[in-house]
Amino acid sequence: MKRIKKAIIPAAGLGTRFLPATKTVPKEMLTIVDAPIILYVVEEAIKAGIEDIVLVAGRGKHAIEDFFDTSYELEDRLAKDGKSHLLEKLTRIRDMANIISIRQKQALGLGHAILTAQPIVGQEPFAVLLGDEITMETKGSENVTSLLCRSFDDTGVSAVSIMKVEDSEVSKYGIADVSEIKPGFFRVNDLVEKPKVSEAPSRWALPGRYAFDSHIMTLLKDAKPSLNGEIQLTDSMRLLCREKGLNAMTFSSKRFDAGDKLGYLQANVELGLQNPELGESLKQYLLQLCSELGKG
Ligand code: G1P
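Caption draft 1: Molecular detail of the nonpolar core. Ranked by size, the top nonpolar core spans 50 residues in total, and within it I9, I32, I37, I38, I50 and I134 carry the most contacts. Of all the secondary-structure elements, those providing two or more residues to this core are β1 (6-11), α1 (37-47), β4 (52-57), α4 (84-96), β6 (126-129), β7 (133-136), α7 (144-155) and α10 (261-274). At seven residues, α1 tops the list of elements feeding residues into this core. Among the nonpolar cores identified, the runner-up in size contains 34 residues, and I114, Y210, L220 and L233 belong to it.

Caption draft 2: Structural view of unusual backbone geometry. Residue P20 follows L19 across a cis peptide bond; omega there is 5 degrees. Along the chain, P20 falls in the loop between β1 and β2 (31-32). Even without being a glycine, K194 presents a positive backbone phi close to 45 degrees. Counting through the fold element by element, K194 comes out in the loop between β11 (185-193) and β12 (204-206). By relative accessible area, K194 is classed as partly exposed at 36%. One non-glycine residue, N228, lies in the positive phi region at around 60 degrees.

Caption draft 3: Spatial organisation of the packing of aromatic side chains. Inspection of the entire model under this criterion finds five aromatic pairs. Taken together, a centroid distance of 5.1 Å and an interplanar angle of 90 degrees make the contact between F67 and F68 edge-to-face. Overall, the relative accessible area of 10% leaves F68 in the buried class.

Caption draft 4: Spotlight on the site of the ligand. Near the ligand you find L110, L130, E133, Y173, G174, E193, K194, L206, G208, Y210, T234 and R255, and these make up its full shell. Measuring from an oxygen atom of the ligand, one finds a side-chain N or O atom of E193 at 2.6 Å. Between the ligand and K194, the relevant distance is 2.7 Å, taken from an oxygen atom to a side-chain nitrogen or oxygen of the residue. Across the complex, the protein chains shield 76% of the 380 Å² of accessible surface that the ligand would expose by itself. Among the residues forming the shell around the ligand, the class breakdown is five nonpolar, three polar and four charged.

Caption draft 5: Fine view of the packing of α10 against helix α11 (residues 279-295). Direction vectors running N to C along α10 and α11 enclose 125 degrees, while the axes themselves pass 6 Å from each other. Put simply, α10 runs oblique to α11. Residues V269, G272 and L273 of α10 form the contact with α11, whose own contacting residues are G279, L282, K283 and L286. A breakdown of the residues in the contact of α10 with α11 according to their chemical character gives four nonpolar, two polar and one charged.

Caption draft 6: Main features of the sheet that holds β6. In space, the 11 strands of this open sheet follow the order β5-β4-β1-β6-β13-β8-β14-β11-β10-β12-β9, with mixed pairing throughout. Looking at strand neighbours, the two that pair on one side only are β5 (98-103) and β9 (163-164), the edges of this open sheet. Along the sheet, α7 contacts β6, β8 (158-161), β11, β13 (209-212) and β14 (246-249); its crossing angle with β13, the most-contacted strand, is approximately 20 degrees.

Caption draft 7: View of the pattern of salt bridges. All told, the structure shown has 22 salt bridges when counted by the stated rule. The salt bridge partner of K27 is D132, with a shortest N-O separation of 2.7 Å. Of this pair, K27 sits in the loop between β1 and β2 while D132 sits in the loop between β6 and β7; the two residues are 105 residues apart in sequence, bridging distant segments of the chain. Taking relative accessible area as the criterion, D132 reaches 11% and is therefore assigned buried.

Caption draft 8: Focus on the environment of G259. Relative to the helices and strands, G259 resides in the loop between β15 (254-257) and α10. Looking at G259, the relative accessible area reads 3%, which means it is buried. Taking the C-alpha atoms as reference, G259 lies 32 Å from G156; in sequence the two are 103 residues apart. Beyond its immediate stretch of four places on either side in the chain, G259 contacts R17, F18 and D132.

Criteria and thresholds
As a convention, each chain's residues are numbered from 1 in the sequence order in which they are written. Residues qualify for local features only when their pLDDT is at least 70, as the model is predicted, and side-chain atom pairs are given and counted only at 80 or more; totals for whole chains, interfaces and linings, by contrast, use all residues. For the side-chain quantities, the full set of heavy atoms in the structure was used; hydrogens and water were omitted. As used here, the term nonpolar core means buried Ala, Val, Leu, Ile, Met, Phe, Trp, Tyr and Cys residues forming a set that is joined through side-chain atoms within 4.5 Å. The cut-offs for exposure are 20% and 50% of the maximum accessible area for each residue type, with area from a 1.4 Å probe on protein chains only; residues under the lower value are buried, those over the upper are exposed, and the others partly exposed. Elements are defined by DSSP. Helices are runs of H or I of four residues or more, strands are runs of E of two residues or more, and each kind is numbered from the N terminus. Between rings of Phe, Tyr and Trp, where Trp is taken as its six-membered ring, a pair exists when centres lie within 6.5 Å; planes separated by under 30 degrees are stacked, by over 60 edge-to-face, and by other angles tilted. In these notes, residues near a molecule or strand are those with any non-hydrogen atom within 4 Å of it. Identification of polar contacts relies on pairs of N or O atoms within 3.5 Å, with a donor-acceptor requirement for protein atoms, meaning one able to donate a hydrogen and the other able to accept it, and with residues adjacent in sequence counted only if both atoms are side-chain atoms. Accessible areas in this description were obtained via Shrake-Rupley with a 1.4 Å probe; residue shielding takes into account the shown protein chains only. All residues other than Ala, Val, Leu, Ile, Met, Phe, Trp, Tyr, Cys, Pro, Asp, Glu, Lys and Arg, Gly among them, are scored as polar; the first ten of these are nonpolar and the last four charged. Whenever a helix is involved, its axis is fitted only over the stretch in contact; in every case the axis is a line through C-alpha atoms, and angles between N-to-C directions fall within 0 to 180 degrees. Throughout, the term roughly parallel applies to angles under 35 degrees, roughly antiparallel to angles over 145, roughly perpendicular to angles from 65 to 115, and oblique to all others. Note on definitions: a residue-residue contact is assigned when non-hydrogen atoms from the two residues lie within 4.5 Å. In short, DSSP must find at least two bridges between two strands for them to pair. Whenever Lys or Arg places a side-chain nitrogen within 4 Å of a carboxyl oxygen from Asp or Glu, that contact is recorded as a salt bridge.

So yeah, pure geometry; function would need other evidence.
Put into structure tokens, the structure is as follows:
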């Protein structure tokens, strides 16, 4: 059985939720503490044992490719100035992964973005990590992509992550109808993309982490546009569910929608608190701020 060694990161969206910041800067390059969102996503994939990362980018996303490339002048300058700790940070990023970039030439939806990577993944299973979502592991736990890949590698069945959401959030996500097999592990019976609360089969939402059998590509090839005129990944996942089965897993990591303004700020605060250089000062600042707000 083939193991998952490749991951697709769709990063072709226009980032309209973050205008004007994203007029010239791709949303995946917005900074969380001291690194762009995309670096956290790539690091999650690498930690899960992924070797090749297929970045599905759109127009104006050169900055993402450049970020993972060599910056000869900068590296030379840092070496000459003896700034070895900074130089190491940069070389680590450039050597981190084999990044293969491909263009999605039309914004036809998430399903279409993933299909764009088909010539690169071929007949192999692969993980998908949405490029604007960040997960933060809790101590001693496995990251979400690693959990999903391990589940696929052990069973040969595709797997998705699921999380419970409030009624007000249901219409933002793909929602799964699931049956629990054992604690934290479910079989998916059906899926609905962004339903109204009244039509949702559950409150189990799909955040952007998946591990797929290559058969999903065959299904995506035949997929027709649906919700919002886009090729929805969820439609092909429904078929995958029936034809090959689909597992779902809960996770202990914290997840941030960094493509959303509030999620972005939350990610900055929480990852800032974990930062060895900043954590303590940020904590003191937040405690002081909370006490001031309490008095107000
Ligand atoms: C996409 C998927 C949806 C999923 C969500 C996670 O929607 O279509 O099923 O729940 O990502 O963030 P989007 O947020 O791209 O509209």
